[in-house]
Amino acid sequence: MTSNTALPGQPHIAYAGDQLHVEGAALSQLAREHGTPLFVYSKAAMLAALAAYQRGFAGRQAQICYAMKANSSLAILQVFAEAGCGFDIVSGGELARVLAAGGDPAKVIFSGVGKTRAEMKQALQVGIGCFNVESEAELDVLSEVAMGLGKQAPVSLRVNPNVDPKTHPYISTGLKGNKFGIAHEEALRAYRHAASLPGLKVVGIDCHIGSQITDSTPYLDAMDRVLDLVAEVESAGIPIHHIDFGGGLGINYNGDTPPEADALWAQLLTKLDARGYGQRQLMIEPGRSLVGNAGVCLTEVLYLKPGEQKNFCIVDAAMNDLPRPAMYQAFHQIVPVTPRPGDGVVYDVVGPVCESGDWIGHDRQMQVAAGDVLAVLSAGAYCMSMASNYNTRGRAAEILVDGTKAHLIRQRESAFDTFALEQLV
Ligand SMILES: *Cc1c(COP(=O)(O)O)cnc(C)c1O
């Protein structure tokens, strides 16, 4: 490996000499110090991803609300809060995390189809910025809860623009058959209903059409559909203060070529301007695109198991740490932290969990030996936040690198931690 080779699309993750680094931290050293599996994130990569959106919105009234379900670790939230972000949350638990990380509740928007009364109450009491409401039934309950507290809940209606984001069916959310949002045809009626309820104050409109979107067309189509509705609702006498276009922008996992955030928004803002909405308060809810390529998961090779049909490379990370391959047949690149010379052998990289679905990568040509450390790339989003204790595996530790400093931001969970809340009868 030549020296100072950044990985494609990931300038903060690079080989220097024969060692893979995240910023100024050598990953082999972090693995030795903290053990594996270990998540390592680059603060500079997160801020660079955010900066692309900030450039895209320069001169506009825009609030970026990080969709924290992508990675909700407190120090990650702290980085985004300090950079001025609000947060898109989907549970009361996520709201508690925002507050613990020093986030501003007034910049929080609460999405999700199944908010409980208790969650609504909690959010109203701390004064969150907006509820993104997903059904007419939810409007009634929210109004009632707000009146019970002597408050008015700020609401936006999540409309379903019925566009195909051309992504994996499990992460496509803006089509008619999805559980999310209010159908385009029913939106005006829902707005009239919302405006009539005493506990609600209509402030916005939102949509979110899916995730890992790598083409700008679905965004442009969704924007047209949403702006049509804004015009319709406002001509019915209901003013809409902000327009929220959701998240969903994809990242490069395996040669994917999503538009850059600033280029995408240049296109979208041209359309907004042309339709006369360019000076509105805008909101977006990016998740994956802010953190996905800022993180790697380090894992040690435990055993090489040659076979007649397949060779297996058994590593110490598993589907409980990296759930995306098992859940979505997702692809993560896997590279050695300290490459060895040689052409290698083709392996299936698998974890120790007792499920055939426990694989990290299929058919990967690698020159490896037991004891080597591998880096699973693009592991900053929807990995740790989806991690579980299946097989009574404690969740991994996490490191945030800032230049040459490596901060431990989450300790490794012990077996005892995993059953600390249980008791014998
Ligand atoms: C998950 C989600 C997002 C973020 O999606 P990404 O693909 O990670 O950008 C934004 N808004 C809502 C409502 C979501 O459910």
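Residues numbered from 1 in each chain as written. Predicted model: local features only at pLDDT ≥ 70, side-chain atom pairs only at ≥ 80, totals over all residues. Heavy atoms only, no water.

1. Here we look at the site of the ligand
Threshold: For this description, a residue counts as near a given molecule or strand if any of its non-hydrogen atoms is within 4 Å of it. Polar contact is the term for a pair of N or O atoms within 3.5 Å; when the atoms are in protein, one must be able to donate a hydrogen and the other to accept it, and sequence-neighboring residues count only if both atoms are side-chain atoms. Working definition of accessibility: Shrake-Rupley area with a 1.4 Å probe, residue cover restricted to the visible protein chains. Polarity classes work like this: nonpolar for Ala, Val, Leu, Ile, Met, Phe, Trp, Tyr, Cys and Pro, charged for Asp, Glu, Lys and Arg, and polar for all others, with Gly in that last group.
If you check the shell around the ligand, you find 14 residues, and the closest are Lys69, Ser211, Glu285, Arg288 and Tyr382. At 2.8 Å, a side-chain N or O of Lys69 approaches an oxygen atom of the ligand. A distance of 2.9 Å separates an oxygen atom of the ligand from a polar backbone atom of Gly287. The fraction of the free accessible surface of the ligand (390 Å²) that becomes covered by protein chains is 94%. Of the residues that constitute the shell around the ligand, the class distribution is three nonpolar, six polar and five charged.

2. Quick notes on the pattern of salt bridges
Which entries qualify depends on this criterion: We count a salt bridge whenever a side-chain nitrogen from Lys or Arg sits within 4 Å of a carboxyl oxygen from Asp or Glu. Strands are runs of DSSP state E lasting at least two residues, helices are runs of H or I lasting at least four, and both sets are numbered from the N terminus onward. Burial classes: relative accessible area under 20% of the type maximum marks a residue as buried, over 50% as exposed, and values in between as partly exposed (1.4 Å probe, protein chains only).
Under the counting rule described, the total for this entry stands at 17 salt bridges. Note that Glu144 and Arg117 form a salt bridge whose closest N and O atoms lie 2.9 Å from each other. Of this pair, Glu144 sits in helix 6 (residues 136-148) while Arg117 sits in helix 5 (residues 117-126); the two residues are 27 residues apart in sequence, bridging distant segments of the chain. Across the salt bridge formed by Arg275 and Asp228, the nearest N and O atoms sit 2.7 Å from each other. Linking Arg275 in the loop between helix 9 (261-274) and strand 14 (281-284) with Asp228 in helix 8 (residues 217-235), this pair joins segments that are 47 residues apart in sequence. On the basis of relative accessibility, which here comes to 30%, the residue Arg275 falls in the partly exposed class. Each of Asp224, Asp228, Lys271 and Arg275 takes part in one network of salt bridges that share partners.

3. A few points about the domain arrangement of the protein chain
This is how the line gets drawn: Just so you know, the domain bounds were taken from an automatic or database domain assignment. Contacts are assigned to residue pairs with any non-hydrogen atoms lying within 4.5 Å of each other. Summed over both partners, buried area is the accessible surface (1.4 Å probe) that two parts give up on being assembled.
Assigned domains of the protein chain: these are domain 1 (5-43 + 292-418) and domain 2 (44-290). The straight-line distance from the C-alpha centre of domain 1 to that of domain 2 is 32 Å. The interface is formed by 27 residues belonging to domain 1 together with 23 residues belonging to domain 2. Carbon and sulfur atoms make up 56% of the surface buried where domain 1 meets domain 2, a total of about 2100 Å² over both sides. The largest per-residue losses of area from domain 1 upon contact with domain 2 belong to Lys43, Tyr328 and Tyr382, which jointly make up 29% of the total buried on that side. Here domain 1 and domain 2 share zero salt bridges between them. Counting across the interface, domain 1 meets domain 2 through 16 residue pairs in polar contact (both at pLDDT 80 or more). Contributing elements (two or more residues each) for the side of domain 1 that touches domain 2: strand 5 (38-42), helix 11 (324-328), strand 21 (397-402) and strand 22 (405-410).

4. Some thoughts on empty space enclosed by the protein
The cut-off we apply is this: A pocket, in this scheme, is an open set of points on a 1 Å grid over the protein atoms alone with protein on both sides within 12 Å along at least 5 of 7 lines, while a cavity is a set where a 1.4 Å probe fits but cannot get out; residues line either one if an atom lies within 4 Å of a point. Grid points are joined across faces, edges and corners, and a volume is the space filled by probe spheres set on the points.
For the structure shown, the criterion picks out two cavities of 30 Å³ or more. The volume enclosed by the largest cavity comes to roughly 70 Å³. Taken together, Tyr53, Tyr219, Phe245, Gly246, Gly247, Gly248, Leu249, Leu264, Trp265, Ile284 and Pro286 make up the full set of residues lining the largest cavity. Along the lines of polarity and charge, the residues of the lining of the largest cavity split into eight nonpolar, three polar and no charged. Its volume calculated, the second largest cavity comes out at about 50 Å³. Every residue along the wall of the second largest cavity is listed here: Cys207, Ile209, Tyr219, Ala222, Met223, Phe245, Trp265 and Leu268.

5. Comments concerning the packing of helix 5 against helix 6
Axes are the key here: two packed helices are described by the angle between their axes and the distance separating the axes. Short version of the rule: Here an angle of 0 to 180 degrees is reported between the N-to-C directions of two axes, which are lines fitted to C-alpha atoms, with helices fitted over the stretch in contact. By definition in this entry, angles of less than 35 degrees are roughly parallel, angles greater than 145 are roughly antiparallel, angles of 65 to 115 are roughly perpendicular, and the rest are oblique. For any helix crossing, the convention is left-handed if the near helix is rotated counterclockwise from the far helix by under a right angle, and right-handed if that rotation is clockwise.
With their axes 10 Å apart at the nearest point, helix 5 and helix 6 run at an angle of 50° to one another. Of the possible angle classes, the one that applies to helix 5 and helix 6 is oblique. Once helix 5 is placed against helix 6, the crossing between them reads as right-handed. Judged by residue contacts, Arg117, Met120, Lys121 and Leu124 of helix 5 engage Glu138, Val141, Leu142, Glu144, Val145 and Ala146 from helix 6. Considered class by class, the residues forming the contact of helix 5 with helix 6 number six nonpolar, no polar and four charged.

6. Let's talk about the pairing of strand 14
Quick reminder of the rule: Pairing between two strands requires that DSSP report at least two bridges joining them. Crossovers are marked right-handed if the path from the first strand over the helix to the second runs clockwise, as seen with the strands pointing away from the viewer.
In this structure, strand 6 (residues 62-67) lies alongside strand 14, joined through three bridges in parallel fashion. Of the residues in strand 14, the one forming a bridge with Ile64 is Ile284. A crossover connection joins strand 13 (residues 242-244) to the parallel strand 14 through helix 9; in handedness this β-α-β unit is right-handed.

7. Some points on the sheet that holds strand 1 (residues 5-7)
Pairing in this open sheet of four strands is antiparallel, and the strands run 1-2-3-4 from one edge to the other. Each end of this open sheet is capped by a strand with a single partner; those strands are strand 1 and strand 4 (25-26). Judged from the three bridges that link them, strand 1 and strand 2 (residues 10-16) form a sheet pairing that is antiparallel. Looking at the pairing, Thr5 lines up with Tyr15 of strand 2.

8. Digging into helix 8
Keep this limit in mind: Here, expected helix span is obtained from the residue count minus one, scaled by 1.5 Å.
A rise of 1.5 Å per residue sets the reference length of helix 8, with its 19 residues, at 27 Å; its end C-alpha atoms lie 27 Å apart and thus fit the reference within 8%. When we look at burial in helix 8, the residues that qualify are Pro218, Tyr219, Leu220, Ala222, Met223, Val226, Leu227, Leu229, Val230 and Val233. Buried residues along helix 8 sit against strand 10 (153-160), helix 7 (184-196), strand 12 (200-206), strand 13 and helix 9. Gly237 sits one or two positions beyond helix 8 and adopts a positive phi of about 90°.

9. Regarding the packing of aromatic side chains
Filter applied, for reference: Two aromatic rings from Phe, Tyr or Trp, using only the six-membered ring of Trp, form a pair when their centres are within 6.5 Å; if the ring planes differ by under 30 degrees the pair is stacked, by over 60 it is edge-to-face, and anything between is tilted. Consider the ring centre and the ring normal. A charge sits over the ring if Lys NZ or Arg CZ is within 6 Å of that centre and within 35 degrees of that normal.
Counted under the stated rule, the structure contains seven aromatic pairs. Between Phe39 and Tyr41, the ring centres sit 6.3 Å apart and the planes meet at 15°, which makes this aromatic pair stacked. A residue is classified by how much of its surface remains accessible, and Phe39, at 0% relative accessible area, is buried. For Tyr41, a relative accessible area of 1% gives the class buried. Between Tyr66 and Phe87, the ring centres sit 6.3 Å apart and the planes meet at 70°, which makes this aromatic pair edge-to-face. In this pair, Tyr66 is assigned in strand 6 and Phe87 in strand 7 (residues 86-89), connecting sequence segments 21 residues apart. Taken as a pair, Tyr66 and Phe87 share a single burial class, namely buried. Put simply, the rings of Phe57, Phe245 and Trp265 pair up and form one aromatic cluster. It is Lys115 that lies over the ring of Phe110; its NZ or CZ is 5.6 Å from the centre.

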